[in-house]
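Structural description and commentary
In case you want the letters, here they are:
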Amino acid sequence: MITLNHYLVLSAILFTIGTAGVFLRRNIITVLLSIEIMLNAVNLTFVAAGRQFAAVDGQIIVFFVMTVAAAEAAVGLALVIALFRHRESLNPDAFTSLKW
Amino acid sequence: MALETILFYVLGTLAVGSSLLVIGQRNPVYSVMLLIASFAALAGIYVLLDAPFTAVTQIIVYAGAIMVLFLFVVMLLNVGQEDAAEYDRSHPFNRPFVRRFGALLGIVFVAELAWAVWHVSTRQPAAIAAAAPGSVSSVREIGRVLFTDYAFPFEATSLLILVALVGAVVLARQDAE
Amino acid sequence: MVSQPPLLHESHVVLALIPLFPFVGFLINAFFGRRLSKAVSGGIACLAMIGSFAASAVAVWQMVGQPGPVRAVTDNVYQWIASGDLQIDFALRVDPLASVMILVITGIGSLIHIYSTAYMHEESDSEYARYFSYLNLFAAFMLVLVLGTTFPVLFVGWEGVGLCSYLLIGFWHRKQSAIDAGKKAFVVNRIGDFAFILGMLLLWTTFGTLDFQNLAAQVASLPPEAGFGVISIATLLLFIGATGKSAQIPLYVWLPDAMEGPTPVSALIHAATMVTAGVYMIGRNAELFSHAPDTLLIVAIVGGVTALMAGTIGLVQNDIKRVLAYSTVSQLGYMFLAMGMGAYAAGIFHLYTHAFFKALLFLGSGAVIHALAGEQDIRNMGGLKKALPITYWTFLIGAIAIAGVPGLAGFFSKDEILWRTFASGHWILWTIGVLTSLLTATYMFRLVFLTFHGERRHAAPAPAHPEEEEPTADAGAHAAAAHQASGATAHRHDAHAAHGHGGAGSHLHDAPAAMAAALIVLAIGSVVAGYVGVPAALGGNNWIEHYLHPSFVAHGVGGEHRETDRSSSYASPHSAGPEAPHSVGPEAQAPSGATSAHDAGSGSGHAEEIALERTLMLVSSIVAIVGIGLAWYFFIRRRAAADAVAASAAPLYRLLLHKYYVDEAYDLVIVQPIKRLSAGLLWKGVDAGLIDGAVNGTGAFVGAGSSVLRRWQTGSVRVYAASVFVGVVTVLGYYVWRY
């Protein structure tokens, strides 16, 4: 019997994986990918909860999250391109000009 | 019911496995492809959850547009393997205290999540009921709610996309020479 | 709660015009004076004063037409303060006392304005207009002071005249000594005002009202205080304020320095009007003061001692205006002596006659200074009798009047005071008064003889540079006194020196028409003004005493009034010891009108009393003649004898010349410690240390804090992400903890 818990656990696992990816990878693009994993985990939670409470709002929210994720990915990648032009590197630690 | 259980575990394993591999790969192209696989698995899970619209949107928007965009950028920048060692020495994360603290933080985080999930389960013991298919998940229903109750966020999101569009063009533009 | 005495509620608009005319004159000259020619700005100011005089005459006419015994006209201009229990209206009231004051202020004020049009003629147009604007403003405030029905309104005028005094003393503001003198006047007045405010507050909390009529009505029902109680403390505080404004001990030190201002200012403010505000205030609160016999005694003693002390100082001063200044202080002492004896009408009478001859003397000295192009040291004068006839003869009349020669104004008023003092049994104070009379005659005629008689001399030592342009290091109000200490012989040129009139006596002209006219009118006044108060002993009916009497008693609800004016309390002279305090029980006379005990004689003691009074008059007349004779001997016959006396008593001479070193003492005891405290503690400690320290410390703290906090900006994106993560964990932990 698949309960809400199963979906929540799955979502939590995916979210943790995404978080770990953000901190452990040293390639900006991979970091962005990890962020997408996190967002997907959240989407899963919303849909599952929406299904549980018989509300369509869960899917609506997912709709908006996807839209925002697309916008964010576009802008983020544009930033990456601009940064790459400066330093020829995709390592986030290469960009420390704002250090105190 | 058994089919649902089997499908859930299969798709779940696929999603988790792909995600792990995503963050474990060195080659960013492989990461992108593995993430597409993860998204596909998730789309399957959405179907299981009686959310076909969401599943299709996931494939079209996420796997079809965003990941392709990622692929474009990866190809464009053509970085290849990741070079690790160059900036490592002076990084704050390399101090032992920080690493221990980070590990502790991770454990605390996981514990919190586990507690939250357990808490939900003690309060909501009922299984996910199979709701009437038409009432919640039909596209008609989603469309109706989207354009009435959520009309303002819908319009605002269009503005957001416009801003992102302009921003992306400006940011990635080469300076006029 | 005491029910209020019936006030006349009709509104007499003419009352508001009395201070309004000069106030409008002030506004015009203040805002537009720069663009007006001298004739226009001076004309506006004089017209304002003359208009005010006309309005005063009309108001007095209306008042006199009221049925007795409470004769007054009131005008409630507007409701000023309405705050809970405190209801103060801006109301004006003309009663007999106020009528005398407003006629003096506006009448003599008009003459001085006219005089000033000629005296100040060498100033530039804008300075001329500024002068007249201040002069008009002063008149407006002084009129508010004497017309007010409540303490706060009086205090508005009190403060206002203090302000105008400061402005006018420091009129030639490029001269450092003038600025210092103005500041000194203001600060010393302020000290007095502080005591005045405390007195007002004490009266408010004790009686719940600040209206003069209400206060008098409430106090009248009480017996006079046996010891030193609330009324005595309150009246003493009020009197301290009066010593500041009216230049008595201990706050008289500003008046001689105030001679830095133009001479008409000295005439108006420091002779005729402002300095009399303290005397007026006591007269206005006669009922209150009558119930505080201890305070009255203090008033009398302070008045007497001040009169004597100022007289001694005036004897040796060499600046013509300073002699007159100390003479003013001395005559004010007489007035306070009268008030202290309970002879309120006599004090006001002397105020009235003194205004005439002191203004005359000051304006005359102004004419001399004007003719001599700024020379003020009498050792450089002499031989002016023929060159300045009008000035000489009017000045001489003024001097005779102030000396108390029988027949002129000063005789009647001064004599009334001395008689009352003697009749109250205060023989020591009477002796002091007579001695001061002798000194008055002597120093005044010394002034006349040295200034006008003999030949022109240049006997004063070379002066220090008259125009002190460079500001002194600590330009406190004391700098003026420091100049005094370095030698009272230093010149005080007023700005006439800057306008080349020609030097030593080559071009002497008598007073121009405007000035001469004022001098002549005042001289006539000095002769005839005293005849309103011819005492019974000489066959008169002491009209002014009867006229003023209703102003000094309270008027109860039913129209009945209580006799508490001490002047009427002796049917026969007391034979008690000279300094024994008198307990005055309120004698409930039949309300048949106020009569002075002088005339309501009970028969047996009356003829003796008249004989005694005549004897005393003879004594004071002889004293006056002796004084004139002494001056004639020392300064006409044998000048060398004067110098010999001065040399033989050199320490005493120096003591008098340096005014008993009072200014130096004040400086040492009060001014320097305050300056050290201010600089050391308040400036360096509190202001620089605490306040600046707090402000700078905040800045330093922010700087230090930020230099610690900015290390958070590692520049590494992953560290920032880690920060966000820590926040997430914390928030999650909060929810875990809560649920």
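These numbers come from a predicted model, not from an experiment.

Turning our eyes to something else, we now look at the overall build of chain A. In terms of helices and strands, chain A carries three helices and zero strands. Shown N-terminal to C-terminal, the secondary structure of chain A runs as helices and strands in the order α-α-α. Across the 100 residues of chain A, 56% fall into the buried class. In chain A, the share of contacts with a sequence separation of at least 24, taken over all contacts with a separation of at least 6, comes to 45%.

In terms of helices and strands, chain C carries 26 helices and two strands. Sorting the 739 residues of chain C into buried and exposed places 53% on the buried side.

Turning next to the pairing of strand β1 (residues 73-83) of chain C. Here β1(C) pairs with strand β2 (residues 86-94) of chain C via nine bridges, running antiparallel. Bridge assignment links Val73(C) to a residue of β2(C), and that residue is Val94(C).

Moving on, we come to helix α2 (residues 28-52) of chain A. Across its 25 residues, α2(A) extends 37 Å between first and last C-alpha, which sits within 8% of the 36 Å expected from 1.5 Å per residue. Of all 25 residues in α2(A), 21 are buried, a share of seventy percent or more.

So, on to the environment of Gly44(B). Counting through the fold element by element, Gly44(B) comes out in helix α2 (residues 28-48). What makes Gly44(B) buried here is the crowd of 20 C-beta atoms within 10 Å.

All names here are of chain C. Between Ile249 and Pro250 the backbone carries a cis peptide bond, its omega angle lying at 0°. Here Pro250 is to be found in the loop between α8 (230-245) and α9 (254-257). Residue Ala247 is not a glycine yet carries a positive backbone phi of 55°. Its place among the elements puts Ala247 in the loop between α8 and α9.

At the interface, 62 residues of chain B touch 59 residues of chain A. Looking at the side of chain B that touches chain A, the elements that each hand over two or more residues are α1 (2-24), α2, α3 (52-77), α4 (96-123), α6 (139-148) and α7 (151-172) of chain B. Of the residues forming the side of chain B that touches chain A, the biggest block, twelve residues, is contributed by α3(B).

Turning next to the nonpolar core. Judged by nonpolar contacts, the single largest core of 212 residues is most densely connected at Phe138(C), Ala359(C) and Leu363(C). Broken down by element, this core gets its largest block of residues, 19 residues, from helix α15 (residues 344-371) of chain C. Ignoring anything within four residues of it in the chain, the contact list for Ala359(C) reads Ile108(C), Ile112(C), Ala267(C), Ala271(C), Ala272(C) and Leu522(C). Ala73(A), Leu90(A), Ala43(B) and Leu49(B) belong to the second-largest nonpolar core, a separate cluster that totals 61 residues.

Take the packing of α8(C) against helix α11 (residues 277-284) of chain C next. Two quantities define a packed helix pair, namely the angle between the helix axes and the distance between the axes. Residue and element names in this part refer to chain C. Here α8 crosses α11 at 155°, and the two axes come no closer than 8 Å. By the angle between their axes, α8 is roughly antiparallel relative to α11. For the pair α8 and α11, the contacting residues are Leu238, Ala242, Thr243 and Lys245 in the first and Ala277, Gly278, Met281 and Ile282 in the second.

Attention shifts here to the interface of chain C and chain B. Tallying the contact residues gives eleven residues for chain C and nine residues for chain B. Looking at the side of chain C that touches chain B, its residues break down into seven nonpolar, three polar and one charged.

For Leu21(B), the position within the fold is in helix α1. Residues Leu21(B) and Ser31(B), ten residues apart in the sequence, show an inter-C-alpha distance of 7.3 Å.

Before going further, it helps to examine the environment of Thr235(C). Residue and element names in this part refer to chain C. Mapped onto the fold, Thr235 is located in helix α8. Of the residues examined, Thr235 has 27 C-beta atoms within 10 Å and is grouped as buried. Separated by 60 residues in the primary sequence, Thr235 and Thr295 place their C-alpha atoms 6.7 Å from one another. When neighbours within four sequence positions are excluded, Thr235 is seen to be in contact with Leu288, Phe289, Ala292 and Thr295.

This part takes up α8(C). All names here are of chain C. Counted at 1.5 Å a residue, the expected span for α8 with its 16 residues is 22 Å, and the 23 Å between its end C-alpha atoms agrees. With 14 of 16 residues buried, α8 lies mostly within the body of the structure. Just beyond α8, the residue with positive phi is Ala247, at close to 55°.

Turning to the confidence of the model for chain C, a few remarks are in order. All names here are of chain C. On average, chain C scores 80 in pLDDT, and the residues at 70 or more come to 84%. Within the model, pLDDT remains below 50 along residues 1-9, and this stretch shows 15 contacts once partners closer than five positions in the same chain are excluded. Quick note on the complex model: pTM equals 0.67, ipTM equals 0.90.

Residues and elements named next belong to chain C. In contact at an axis separation of 11 Å, helix α10 (residues 263-272) and helix α14 (residues 320-340) are set at 10° when each is read in the N-to-C sense. As the angle between them shows, α10 and α14 are arranged roughly parallel. Contacts between α10 and α14 involve Thr263, Ser266, His270 and Ala271 from the former and Lys321, Ala325 and Thr328 from the latter. Taken together, the residues of the contact of α10 with α14 break down into two nonpolar, four polar and one charged.

Conventions we followed
Residues numbered from 1 in each chain as written. Chains lettered and ligands numbered in written order. Predicted model: local features only at pLDDT ≥ 70, side-chain atom pairs only at ≥ 80, totals over all residues. Helix = DSSP H or I, 4+ residues; strand = E, 2+ residues; numbered from the N terminus. Buried ≥ 20, exposed ≤ 12 C-beta atoms within 10 Å, placed from the backbone. Contact = placed C-beta atoms within 7 Å. Pairing = 2+ DSSP bridges. Expected span 1.5 Å × (residues − 1). Core = buried A, V, L, I, M, F, W, Y, C linked by C-beta atoms within 7 Å. Axes fitted to C-alpha atoms, helices over the stretch in contact; angles between N-to-C directions. Parallel < 35°, antiparallel > 145°, perpendicular 65-115°, else oblique. Nonpolar A, V, L, I, M, F, W, Y, C, P; charged D, E, K, R; others polar. pLDDT = per-residue confidence, 0-100.

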